[in-house]
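Chain and residue survey
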Amino acid sequence: MFVSAGLAAPKELRNTVMSQNINKIKVIDSHTAGEPTRVVVDGAPDLGVGNMEDLRDRFEEKAHWLRTALLSEPRGFKAMVGALLCEPTDPKSAAGVIFFNNSGVLKGCIHGTMGLIKTLEFMRRISAGSHYIETPIGIIKAELRSDGSVSVANVPSYRYLSNVEIDVEGFGKVLGDVAWGGNWFYLIEGYGPEIKLSNLRNLSSFSIAAMEALEVAGIVGDNGSKIDHIEIFGPPSDSVKSDSTNFVMCPGGEYDRSPCGTGTSAKLACLHASGKLKQGQIWRQSSILGTVFEGEVKPLEDQKVIPKVSGRAWVNGETNIIIDHSDPFRFGIG
């Protein structure tokens, strides 16, 4: 079962959860290159009918409690990404999905799509082959390969601005590119702390300060969209395995444990716009954990590309989340 009638928003719970001992929400957990995804497969609130963009807006308006209940302590943690499995409106799509994290709904999520594909395989809804997934930013094509890896052809991606200067408090002048890869990114190379796990606190502080500097300077993406991801690049720790190492700060103040699929897409778009990546070439992007996504591009008009990002995900849990009306933290702490 995909999105089904179930719990209502907290203000409507007096006649549902409050009159019952418990309600159950079934989830399947996975991780993609280290980054977790929690897919809701049953027991979610009924969001009605509509495309994924409509359902995403309704989810944030009426069911944000589900986001906090699943991703906040004591059940989750800040880095966890959620995915609500939905009935697609497009008959060719295997599923629809809404992604969300600790700060709100997301536009797109490639690592989450890889996790979703492996979850659908685990549920025996799909097998090896190509599958379409309906998302709030459009329909994307994913391939579940015979070796268990997953490749995702993302939405058209592009570099919007290049060599944008900001003044980052505590760090000084920084140059970076603004690019779209399914989310809006400010991509930095040659500035900031060294990208290594022992430098996590400094990298986080720098990234958050950069995000604040963008807002102060009024720098936005296309159509005034907020730039809510920071991506820092450095040399690969192992040049045999990857071409670059990155650190990605997501909205909500948590870093991506994977190389970030939408961030890799934005990087591929920038490389192509600079003449550094041609069709047929492979870019290997390593995360701060050393896990790797492979990426390539299909050029479009106006310097846009269709990025294809490949990686591995593993299902690592299946459980029923219990919403107990007597639990003061049933909707999460904070």
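We now turn to the structure provided with this report.

Cut-off values and rules
- Residues numbered from 1 in each chain as written.
- Predicted model: local features only at pLDDT ≥ 70, side-chain atom pairs only at ≥ 80, totals over all residues.
- Heavy atoms only, no water.
- Helix = DSSP H or I, 4+ residues; strand = E, 2+ residues; numbered from the N terminus.
- Rg over C-alpha atoms; globule rule 2.2 N^0.38 Å.
- Buried < 20%, exposed > 50% of the residue type's maximum accessible area, 1.4 Å probe, protein only.
- Contact = heavy atoms within 4.5 Å.
- Lys, Arg positive; Asp, Glu negative; His and termini not counted.
- Charge placed at Lys NZ, Arg CZ, Asp CG, Glu CD.
- Pairing = 2+ DSSP bridges.
- Right-handed = clockwise from strand over helix to strand, strands pointing away.
- Axes fitted to C-alpha atoms, helices over the stretch in contact; angles between N-to-C directions.
- Parallel < 35°, antiparallel > 145°, perpendicular 65-115°, else oblique.

1. Quick word on the overall build of the chain
Along its length, the chain carries 5 helices and 17 strands. What you see for the chain is a C-alpha radius of gyration of 20 Å, in line with the 20 Å of a compact globule of 334 residues. Projecting the C-alpha coordinates of the chain onto the three principal axes gives extents of approximately 60 × 45 × 35 Å. Every one of the 334 residues in the chain was classed for burial, and the buried ones make up 53%. A separation threshold of at least 6 residues defines the contact pool for the chain, and within that pool the share at least 24 residues apart is 63%. Side-chain charges in the chain split into 34 positive and 39 negative, and the spacing between the mean points of these groups amounts to 3 Å.

2. Side note on the pairing of strand E14 (residues 283-286)
Bridging between strand E13 (residues 244-249) and E14 involves 2 bridges; their strand directions are parallel. Paired with Ser244 across the two strands is Gln285, which belongs to E14. Viewed along the sheet, the connection from E13 through helix H5 (residues 261-273) into E14 turns out right-handed. One ladder, built from 4 bridges, connects E14 with strand E15 (residues 292-299); its direction is antiparallel. Paired with Gln285 across the strands is Phe293, a residue of E15.

3. Observations concerning the packing of helix H1 (residues 52-62) against helix H2 (residues 64-71)
With their axes 5 Å apart at the nearest point, H1 and H2 run at an angle of 75° to one another. Between H1 and H2, the interaxial angle falls into the category roughly perpendicular. Here Phe59, Glu60, Glu61 and Lys62 of H1 lie close against H2, whose contacting residues are His64, Trp65, Leu66 and Arg67.

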